[in-house]
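Reading the structure
One letter stands for each residue in the lines below.
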Amino acid sequence: KLFGCMSSRAADNIKDEMEALGPVRLTEVQEAQKEIIKTFEKWNRLLWVRKVYGTIKDSVFAELVGVIDDWRLREYFEITVSPLKITNKLTWSDCIFRWLDDVEKIKSVKGVTRVWLEEATEADKWDFDQLDIRLRWEDKELQLTCTYNPISDQHWLITDFWVYGNTNDVECLHSTYKDNRFVWQEQYNKVMERLKQQDINLYNIYALGIPGKAIEG
């Protein structure tokens, strides 16, 4: 059903990637791949959010377009930059993009099934709460995902979520640089090991995904 309207080449590309992705979150590239796959299901609307406009255009939007081009799926998508939007022409599921400079603009977005707050450490707890409150409508279940590097053990993402672990409403997933199959591991390992010798705090944050410690003094 998912592949019925696609060419056999495009369908085979996606099937191969679906098998490789598996059920666990690994990297931003793989998350982008999963979201492109989800657009081939009907009635999906994903809202990607970052703190400011420029960062979302150059990161998330570019990542998704890159996946579409890598898989040679351009014929199935309508991609616009004003406004930023990616629409699957087979299902009319789409990815839309907003930023937190003006939360009022987010309130007008309707039909959202999932929200993705990228680099969530840029956002305040107030920003998160506004997304959570303003985008719930018509009794629809809303999934709100945050991805980030844990820059501080005092950050609200850590104190509000990680310290409590998984609950009925929250699932916490952890990954390290070793999970990233899109980097040249041998070279990247050298960079991470050098970082480990130079700054153990940064190494814990960006290599191991361990919350950073506040530096006293």
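Here goes a summary of the coordinates provided. In this text, all values refer to a predicted model and were calculated from it rather than measured experimentally.

Taken as a whole, this structure holds 7 aromatic pairs when the rule is applied. Grouped by ring-pair contacts, the aromatic residues Phe40, Tyr76 and Phe77 constitute a single cluster.

This part covers the pairing of strand E1 (residues 45-50). By the criterion of burial, E1 is predominantly enclosed, with 5 of the 6 residues buried. By the bridge criterion, 4 bridges tie E1 to strand E5 (residues 114-118) in an arrangement that is parallel. Within the sheet, the bridge partner assigned to tryptophan 48 lies in E5 and is tryptophan 116.

By secondary structure assignment, the location of glutamate 35 is in helix H2 (residues 28-38). In this structure glutamate 35 comes out as buried when scored by relative accessible area, which is 2%. The contacts of glutamate 35, once residues within four sequence positions are left out, are Leu46, Trp48, Leu64, Arg114 and Trp116.

The next point concerns the nonpolar core. Judged by nonpolar contacts, the single largest core of 22 residues is most densely connected at Ile36, Trp48, Leu64, Leu73, Phe77, Ile86 and Phe97. Elements with a minimum of two residues in this core: H2, E1, helix H3 (53-70), strand E3 (84-88) and strand E4 (94-99). Among the elements that make up this core, the one with the highest residue count is H3 (7 residues). The residues contacting leucine 64, other than those within four sequence positions of it, are Ala32, Glu35, Ile36, Trp48, Ile86, Cys95 and Phe97.

Rules behind the numbers
- Residues numbered from 1 in each chain as written.
- Predicted model: local features only at pLDDT ≥ 70, side-chain atom pairs only at ≥ 80, totals over all residues.
- Heavy atoms only, no water.
- Phe/Tyr/Trp six-rings, centres within 6.5 Å; stacked < 30°, edge-to-face > 60°.
- Buried < 20%, exposed > 50% of the residue type's maximum accessible area, 1.4 Å probe, protein only.
- Helix = DSSP H or I, 4+ residues; strand = E, 2+ residues; numbered from the N terminus.
- Pairing = 2+ DSSP bridges.
- Contact = heavy atoms within 4.5 Å.
- Core = buried A, V, L, I, M, F, W, Y, C linked by side-chain atoms within 4.5 Å.

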